Amino acid sequence: MSKIRVYELAKMLGKSNRELLLMLHDLGVDVKTHMSSIDTETAQLVEDTVRSETSDETTEKKTRPRQAATIEVLKVTKGSTVRDVAEMLEITPAEAVKELVEAGFMVPASAPVNEEILLVLSEAFCKDFDLVNAVVEKIEATPKMKRTVFKGNNLQPRSPIVTVMGHVDHGKTTLLDFIRDTNITSREAGGITQHIGASKVFLEGKEIIFLDTPGHEAFTSMRARGTQVTDIAILVVAADDGVMPQTLEAINHAKAAGVPIVVAVNKMDKANARPDRVRQQLSDHGLTPEEWGGDTIMVDVSAKSGLGVDHLLEMILLVAEIEELKADAGIAPEGIVIEAKLDKGKGPVATVIVKQGTLNQGDIILLDTTWGKVRAMLDYQGNQIRIAGPSTPVELLGLNGVPQPGEAFTRVDNEKIARDAISQKDQERRQEECGNVKRLTLEELYVQMQEGVVPQLNLVLKCDVQGSVEALESSLQKLTTNEVGMTFIHKGVGRISESDVMLATASNAIIIAFNVRPDAKAKKLAECEGVQIRTYDVIYDVIDDITAALEGMLKPLVREEITGQAEIREVFKIPKAGKIAGCYVNDGVIRRNSKVRIIRNGIVSWQGTLSNLRRFKDDAKEVAAGYECGISLYNFQDFKEGDIIEAYELVEEKRYLE
């Protein structure tokens, strides 16, 4: 009997995965996730049920009953989560997540809100309210990488591009080697090689492209340059070791990149393997397994024996299908550099992945720092080819210089356009270097806050031991309030590396180093990029500095302070000058240009600014109690004897964290 996946049936029936799973449970069908398979007889039963439910609802979508809201403006501040927005819309987080899943966003309620998510929620829920506008105030909690916008009228499925990430000695290389060896022996011709820094794997007639570049380094360098190349991240975690510092770093980089994560729980062949413990640890860091009701696929594998590897590859293809990875081969080619070197015999050589369009031998391509005419292209086997379509890794010869990993390339019509573009970019780069652009420092936070730039503090935290990380994170998190907060872009153990500096550069973060120091390369890079590294040996010093920074981000308290009162005893008419109030200062001091209010019979009748203050015929800066003076006000001359002129100042007071 043939089978069909739950998610495939959901797509066919126009239902969300969650809705279909609930329906199957109501029908008594035992399924756990949207990737489970059901037989065609059950699928037909579900289809008949859906048709009967929707037969009398052809014009209106089935929604939950809601009451009219009184919100007119929805304000979403930086760092807000899906749960926060749901509360503003007076709906449950589950409803918001459900709507996002239907729109293609596999995010939990704790995920930071971005503009796309806000748009989905606004369109889905705000139309039922009297909501006229949605105001967004710097909503990106963590700066995201720029994802490729796929263009064209003939979008076709393309091969997924996968990066393997994880902690040292957890089996990343062993897993890749097994995948390559399996595919070499399972096919008549070869096809798996590290010739150009990328591997192509075939499964059931479909291709998967594996990047051989170390995962976290690739993500960091790409992120620092604002580009995106990876479609899926494979997180390798050893079942006998669990989540380690580089595991967390890999998770942070993958989340920052905005790509789906598939977890490979490796070393299942070992006697002390504890996969449930690994799942629990990953759940604590936001990756909840599907079998536990989450949205993260986790596969138990053994890279040494090959246990579960085929299932892992199937899951990669499944995620690729869910992500609907498509590209148009007929448009102008665009792609990303993943490696580059200077070869003595070949000259500059760049390994690139064509993201969309078709790259041909002889094309003139433009990158961020160089350009060139494609003299030759080598495929993943080292064979010379003339064309390369979407998701194809190739080695290019013919560039005029060595590009940096992460640079994007496009095709241009002629050499003159390429030369002029590079010349313009070089000039802009020199001007930027001369400008000596500075990154954010703690002392600048208050100024930034006044400009509405930094409602939240971004930190990269590195310590000598894991205990220090947990203690510092716990202490610092307690400092946050509803008005100010902080985001830990990354937390880890060990010296500060170039990867940390590049992540801080991309996220405009400050690096907090507790009992650790940067290496020479990281220090040089931080100086070049203007990233601030604060080193500490005492935990209280860290807390004091961060407290001061957060207090500087608080809006000051504006307090009114009355400086003096004067009674109008006589009103004079001066030619060309209008009316002047002859006053006697009863209390305090009246200063020139003070803010004042007129009090008549105990009621404030006017507020404004004092324009002129005189003692007899001379201008005066201030007049103290017990003296007479003449006062004129801006745009007010309706003086009456007995009125009280009250002078006051607005004083800003620094606020402190409670």
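K.L.:
Even after reading the chapter, I still don't get the pairing of strand β23 (residues 485–493), so can you show me in this structure?
P.N.:
Judged by how many residues are buried, β23 sits mostly within the fold: 7 of 9 residues are covered. As paired elements, strand β22 (residues 456–463) and β23 share 8 bridges and run parallel to each other. Bridging from a neighbouring strand, Leu-459 pairs with Phe-488 of β23.

K.L.:
Is there a simple way to think about the sheet that holds strand β11 (residues 297–300) in this case?
P.N.:
Strand pairing in a sheet takes place through backbone hydrogen bonds and is either antiparallel or parallel in direction. Judged by pairing direction, the sheet is mixed, and its 6 strands sit side by side in the order β7-β8-β6-β9-β10-β11 without closing on themselves. The open sheet has two edge strands with one neighbour each: β7 (198–203) and β11. Across the sheet, the mean angle from the axis of one strand to that of its neighbour is 30°, orientation sign disregarded. In this structure, β7 lies alongside strand β8 (residues 206–211), joined through 6 bridges in antiparallel fashion. Within β8, the position partnered with Phe-202 by the bridge is Glu-207.

K.L.:
Where do I start with the nonpolar core in this structure?
P.N.:
Looking at soluble globular proteins, one finds that nonpolar side chains tend to be buried together. Ranked by internal contacts, the top residues of the largest apolar core, which has 29 residues, are Phe-210, Ile-234 and Ile-316. Take this core: its biggest share by element is 9 residues, from helix α11 (residues 309–323). When sequence neighbours within four positions are dropped, the list of residues in contact with Ile-316 reads Pro-160, Val-162, Ile-208, Phe-210, Ile-232 and Ile-234. Among the nonpolar cores identified, the runner-up in size contains 23 residues, and Val-469, Leu-476, Phe-488 and Leu-554 belong to it.

K.L.:
Hey, could you run me through the packing of helix α15 (residues 498–507) against helix α16 (residues 520–529) in this one?
P.N.:
Geometry of a packed helix pair, given as the angle between the helix axes and the separation of the axes. Direction vectors running N to C along α15 and α16 enclose 20°, while the axes themselves pass 8 Å from each other. With respect to their mutual orientation, α15 and α16 come out roughly parallel. Where α15 crosses over α16, the two elements pack in a sense that is right-handed. Facing Glu-498, Val-501, Met-502 and Thr-505 of α15, the residues of α16 in contact are Lys-521, Ala-522, Leu-525, Ala-526 and Glu-529. Split into classes, the residues belonging to the contact of α15 with α16 amount to 5 nonpolar, 1 polar and 3 charged.

K.L.:
Just to check I follow, could you spell out the state of the cysteines for this structure?
P.N.:
A covalent bond between the sulfur atoms of two cysteines is what we call a disulfide. With the rule as written, the count across this model stands at 0 disulfides. The thiol of Cys-583 is unpaired, and the distance to the nearest cysteine sulfur, on Cys-629, comes to 5.2 Å. A relative accessible area of 3% means that Cys-583 is categorised as buried.

K.L.:
Can you walk me through the packing of aromatic side chains in this structure?
P.N.:
Given two aromatic rings, one states the distance between the centres and the angle between the planes to describe the pair. The final tally for this structure, using the stated rule, is 2 aromatic pairs. With 4.8 Å between their ring centres and 25° between their planes, Trp-606 and Phe-636 make a pair best called stacked. One end of the pair, Trp-606, is in strand β29 (residues 603–615); the other, Phe-636, is in the loop between β32 (628–633) and β33 (644–653), and 30 residues separate them in sequence. Residue classification places Trp-606 among the buried residues on the basis of a relative accessible area of 17%. With 5.6 Å between their ring centres and 85° between their planes, Phe-636 and Phe-639 make a pair best called edge-to-face. What makes Phe-639 buried here is its relative accessible area of 5%. Every member of this aromatic cluster is reached through a ring pair, and the members are Trp-606, Phe-636 and Phe-639.

Rules and cut-offs
- Residues numbered from 1 in each chain as written.
- Predicted model: local features only at pLDDT ≥ 70, side-chain atom pairs only at ≥ 80, totals over all residues.
- Heavy atoms only, no water.
- Buried < 20%, exposed > 50% of the residue type's maximum accessible area, 1.4 Å probe, protein only.
- Helix = DSSP H or I, 4+ residues; strand = E, 2+ residues; numbered from the N terminus.
- Pairing = 2+ DSSP bridges.
- Axes fitted to C-alpha atoms, helices over the stretch in contact; angles between N-to-C directions.
- Core = buried A, V, L, I, M, F, W, Y, C linked by side-chain atoms within 4.5 Å.
- Contact = heavy atoms within 4.5 Å.
- Parallel < 35°, antiparallel > 145°, perpendicular 65-115°, else oblique.
- Left-handed = near helix turned anticlockwise from the far one by under 90°.
- Nonpolar A, V, L, I, M, F, W, Y, C, P; charged D, E, K, R; others polar.
- Disulfide = S-S within 2.5 Å.
- Phe/Tyr/Trp six-rings, centres within 6.5 Å; stacked < 30°, edge-to-face > 60°.

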